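Each chain, letter by letter, is given below.
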Amino acid sequence: GKRAFIAGIADDNGYGWAIAKSLAAAGAEILIGTWVPALNIFETNLRRGKFDESRTLPDGSLMEITKVYPLDAVYDNPEDVPEDVKMNKRYAGSSNWTVREVAESVKQDFGSIDILVHSLANGPEVSKPLLETSRNGYLAAISASSGASISLTYIASERIIPGYGGGMSSAKAALESDTQVLAFEAGRKHKIRVNTISAGPLGSRAAKAIGF
Ligand code: ZID
């Protein structure tokens, strides 16, 4: 079977969860990357069986999650983490959650993965028009929301969608451009396919923040 790492699951309402279920139903082993501040509540809900109903696969069995890794995709290395984040209670309780450390942990635990899903986004000022978006809000959107492998994008990258603000339209344009360049580079170098899916509307936590 294939082993998949899905980054960007913190509840059972989003794309990441649905993708994980489809992959599990197809026989894949599931590893998850959960945003550090959301880790506690996600693991608690998981343990208490809150997701058991939505964890049910077509054959009646429950999706097994082999391991949940704390992850903050905004930081590559521990050196990149600002003091206030390091000291934050919710972050201090976990360790090895920068991108490089998670990659190393997964390598140590499992050797390799076959499928990487990027199902995360964070636009702190998504409800503000781009015209009113601060530099910090814009950079935060770009930093968390553009990345690699199978990812989820949105047509607001190329058409004007009022309400999709805060630099999220820019983040999706960057994501789509990165997808093409990385498909070329990683495809040639490692025979890795890199794709993005332009998603339809789904009432996730992230989507509720923009009122879609
Ligand atoms: P979600 O809240 O379930 O997933 C986002 C996850 O990212 C959450 O679990 C967060 O904890 C996590 N996260 C945030 N910051 C970080 C970080 N720094 N490090 C690690 N994790 C972090 O929402 P979702 O399922 O909607 O989002 C998954 C992907 O789908 C994102 O890339 C979205 O931009 C993308 N997407 C979603 C929708 C939608 O409707 N839900 C649409 C397009 C793309 C869309 O907005 N018509 C109108 C709207 C849309 C489509 C059509």
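Parameters at a glance
- Residues numbered from 1 in each chain as written.
- Predicted model: local features only at pLDDT ≥ 70, side-chain atom pairs only at ≥ 80, totals over all residues.
- Heavy atoms only, no water.
- Helix = DSSP H or I, 4+ residues; strand = E, 2+ residues; numbered from the N terminus.
- Rg over C-alpha atoms; globule rule 2.2 N^0.38 Å.
- Contact = heavy atoms within 4.5 Å.
- Areas by Shrake-Rupley, 256 points an atom, 1.4 Å probe, with all protein chains shown as cover.
- Lys, Arg positive; Asp, Glu negative; His and termini not counted.
- Charge placed at Lys NZ, Arg CZ, Asp CG, Glu CD.
- Pairing = 2+ DSSP bridges.
- Axes fitted to C-alpha atoms, helices over the stretch in contact; angles between N-to-C directions.
- Expected span 1.5 Å × (residues − 1).
- Buried < 20%, exposed > 50% of the residue type's maximum accessible area, 1.4 Å probe, protein only.

Caption draft 1: A look at the overall build of the protein chain. For the protein chain, the count of helices and strands is eight helices and six strands. The N-to-C order of helical and strand elements in the protein chain reads β-α-β-α-β-α-α-α-β-α-β-α-β-α. Whereas a compact globule of 212 residues would reach a radius of gyration of roughly 17 Å, the protein chain reaches 17 Å, a difference of no more than 12%. The principal-axis extent of the C-alpha atoms belonging to the protein chain is close to 50 × 40 × 35 Å. The long-range share in the protein chain, meaning contacts at least 24 apart out of those at least 6 apart in sequence, stands at 72%. Summed over all atoms, the accessible surface of the protein chain reaches about 12,200 Å², with 52% contributed by carbon and sulfur. The positive charge centre, built from 23 side chains, and the negative charge centre, built from 24, are 2 Å apart in the protein chain.

Caption draft 2: Main features of the sheet that holds strand 2 (residues 29-35). Pairing is parallel across the open sheet formed by six strands, whose spatial order is 3-2-1-4-5-6. Taken across any chain shown, the strands that pair with only one partner, and hence form the sheet edges, are strand 3 (65-71) and strand 6 (196-198). Across this sheet, the average inter-strand angle for adjacent strands is 20°, counted without regard to direction. With five bridges connecting them, strand 1 (residues 3-7) and strand 2 associate as parallel partners. Each bridged residue has a counterpart across the sheet, and for F5 the counterpart in strand 2 is L31.

Caption draft 3: Structural context of helix 2 (residues 36-47). Across its 12 residues, helix 2 extends 17 Å between first and last C-alpha, which sits within 8% of the 16 Å expected from 1.5 Å per residue. Within helix 2 the residues assigned to the buried category are V36, P37, A38, L39, F42, T44, N45 and L46. For helix 2, the secondary structure elements touched by its buried residues are helix 1 (15-25), strand 2, strand 3 and helix 4 (89-92). After helix 2 finishes, the residue G49 shows a positive phi value of roughly 80°.

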